[in-house]
Every structure is written in structure tokens, then in C-alpha cells.
Amino acid sequence: MGDRKPLISGNWKMHHTHLDAIAVVQKLSYALHDDDYDAVDVSVHPTFVSLRSVQTVILADKLRFVLGAQNCHWEDHGAFTGEVSPSMLAKLEVSYVIVGHSERRELFGETDDMVNKKANAVFGAGMTPILCVGETLDEREAGGAETKVDGQVRAGLAGLTGEQVAAMVIAYEPIWAIGTGRTATADDAQAMCALIRATVADVAGDASSSIRIQYGGSVKPANTAELMAQPDIDGALVGGASLEADDFARIVRYRRVSE
Ligand code: PGA
């Protein structure tokens with residue numbers, strides 16, 4: 001389906017000081033080579049306080065992975081104590097911004113409307129949003145996973161142009177699989193990613209063949225190849241297994257399954 005280059009993203013959540021982040025990035029740079037970057041786009045998403053340090057290492061060593069952020073506000077500036085704006089991230093050469101991660105939705109009260117404003121603002125500042133969607137275990141067991149995810153995708157894409165939708169990333173992250181060691185089966189993950197692509201087609205037509213859809217939730221070196229072999233899975237959003245450079249590099253090199 002199309003020629004979508006996979007995107008593998010390391011979401012470091014609230015882990016790693018800026019010194020730890022520099023060390024991981026340097027180790028990762030030794031482990032990855034040009035043929036890896038030719039095959040897969042790679043982004044790392046440290047905390048806000050580490051972005052400048054990681055950006056400096058990427059620039060100085062001309063590294064081929066790109067910088068990502070985990071969140072942002074939707075306004076450009078103003079009286080929003082504790083928030084960080086999209087234009088501030090763009091100035092740090094951030095390429096991708098995660099919006100609507102389930103931890104932000106569940107723990108910090110982010111609504112579909114806020115997440116949509118963030119997605120629009122990220123594009124407005126010249127970056128690319130990674131829009132996260134996914135159902136809870138209760139919703140899945142009650143048979144409501146599809147409805148939940150379909151609604152989150154429609155709400156998240158509101159106001160975006162077809163061109164923007166084509167360029168963005170959606171991460172399907174079943175909440176019950178995040179940080180639990182429990183991964184969706186490749187078949188289940190594929191089914192939901194296919195549903196997401198169908199929803200995108202309904203909302204934004206042809207953009208659905210270009211948009212990249214990641215799977216996230218306990219991705220590890222051992223399960224990446226099988227997930228990535230699915231026709232509607234174009235990448236992975238990796239939490240726990242991205243914290244150490246060795247594991248994350250093995251995930252990026254999932255094509256070499258024998259390693
Ligand atoms: P996990 O987290 O890989 O630790 O399950 C994924 C995520 O929350 O992005």
C-alpha cells in the first residue's frame with residue numbers, strides 16, 4: 001500500500017535527565033547506520049528540558065534521527081504558566097510533536113477538542129503531529145473499541161487540510177497495552193489500523209494512502225517485525241523499550257530479525 005516510509009519514534013515520557021538523554025542519543029548514534037535511516041525514519045522524544053541538549057548533539061554530530069516533543073500547548077504565547085508553545089518547539093528544530101497521548105488524556109484531562117487544537121497548532125508552526133488514539137480495556141471488552149477510535153480520529157482531524165492529513169502520523173495505542181507488557185496481537189493491531197485508515201479515507205479521501213499509522217503499546221525488539229509486517233502499520237511509537245539505546249536500535253533494525 002503506497003510507499004510509506006516507516007517512522008519509529010521513541011517516547012521517553014518523564015524519564016532521563018538531559019545528561020542521560022545525551023548519553024542515550026550518543027549510544028543510539030553509534031548503533032544506527034545509514035542503511036537504517038534509509039529504510040526507516042527515526043525520532044526521539046525527550047522531555048522539554050532535554051530538547052535543547054539533544055538538538056545540539058544532533059546538529060554537532062550531523063545525526064540522521066530527528067527530534068520530537070511529547071506535547072505542546074495550542075497557543076503561540078500568553079499567560080499559560082507551565083506550558084510550551086509550538087513555535088518554541090519549532091525554534092528547537094523539533095519535527096514531530098505527540099498530541100493526545102492517552103496519559104495526557106487520562107491523567108491531565110485533555111479532551112478531543114484540545115487535542116485537535118494542538119494538531120492544528122503543530123502544523124501551524126511547521127511541524128508534524130503524531131495524533132494518539134486508543135481504547136481502554138473496558139471499552140474493548142464492551143465491544144466499543146472501534147467506535148471510540150473512529151471518534152477520536154474524526155475529532156483529531158477536524159480543520160486539517162487533505163495535504164496536512166496526508167503528511168501527519170496517527171499512533172494507534174490501545175491503553176491496555178501501554179507499559180503493561182501486553183501487546184495487541186498483530187492481527188488485532190492491523191484490524192484497528194485498517195479501521196483508522198478507512199476513517200481517514202472517509203474524512204480526507206486520498207490522504208489515507210499517504211498518512212502513516214504507528215502501533216504503540218509494549219513494542220519490543222521481539223515483536224516489532226511481526227507488527228511492522230502488517231499492511232496498515234507504518235511504524236511504532238515505543239515507550240519503555242526506547243529508553244535504552246540497545247533495545248531501541250534493535251527495534252529500528254527490525255528488518256534484521258535474526259539479530
Ligand atoms: P510502552 O509505551 O511502549 O512503554 O507501552 C508506549 C507509549 O505510551 O507511547
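Before reading on, note that the structure itself is shown above.
Heads up: these notes are all about the structure in this document.

The environment of the ligand is made up of 13 residues, and the closest members are K13, H101, E173, G179 and S218. Here N11 contributes a side-chain N or O atom positioned 3.4 Å from an oxygen atom of the ligand. G239 is positioned such that a nitrogen or oxygen atom in its backbone is 2.9 Å from an oxygen atom of the ligand. About the coverage of the ligand: the protein hides 95% of its 290 Å² of free accessible area. Residues that form the shell around the ligand fall into these classes: four nonpolar, seven polar and two charged.

Take the packing of helix α1 (residues 18-31) against helix α12 (residues 245-252) next. Helix-helix packing is described using two parameters, namely the angle between the two axes and the distance between the axes. Following both chains from N to C, one finds α1 and α12 inclined at 40°, their axes separated by 9 Å at the closest point. Between α1 and α12, the angle is such that the two are oblique. For the crossing formed where α1 meets α12, the hand is right-handed. Note on element contacts: α12 touches α1 through A245, D246, F248 and A249, opposite V24, K27, L28 and A31.

Let's shift gears to helix α11 (residues 221-228). By the burial criterion, the buried members of α11 are N223, T224, L227 and M228. Each buried residue of α11 lies within a common arc of 130° when the element is viewed along its axis, so the set occupies one face. In α11, the exposed positions that point more than 90 degrees away from the buried face belong to A222 and E226. Close packing links the buried residues of α11 with α10 (186-204), β7 (212-216), β8 (235-238) and α12.

Criteria and thresholds
Residues numbered from 1 in each chain as written. Predicted model: local features only at pLDDT ≥ 70, side-chain atom pairs only at ≥ 80, totals over all residues. Heavy atoms only, no water. Near = heavy atom within 4 Å. Polar contact = N/O pair within 3.5 Å; in protein donor to acceptor, adjacent residues only side chain to side chain. Areas by Shrake-Rupley, 256 points an atom, 1.4 Å probe, with all protein chains shown as cover. Nonpolar A, V, L, I, M, F, W, Y, C, P; charged D, E, K, R; others polar. Axes fitted to C-alpha atoms, helices over the stretch in contact; angles between N-to-C directions. Helix = DSSP H or I, 4+ residues; strand = E, 2+ residues; numbered from the N terminus. Parallel < 35°, antiparallel > 145°, perpendicular 65-115°, else oblique. Left-handed = near helix turned anticlockwise from the far one by under 90°. Contact = heavy atoms within 4.5 Å. Buried < 20%, exposed > 50% of the residue type's maximum accessible area, 1.4 Å probe, protein only. Arc of directions from axis to C-beta.

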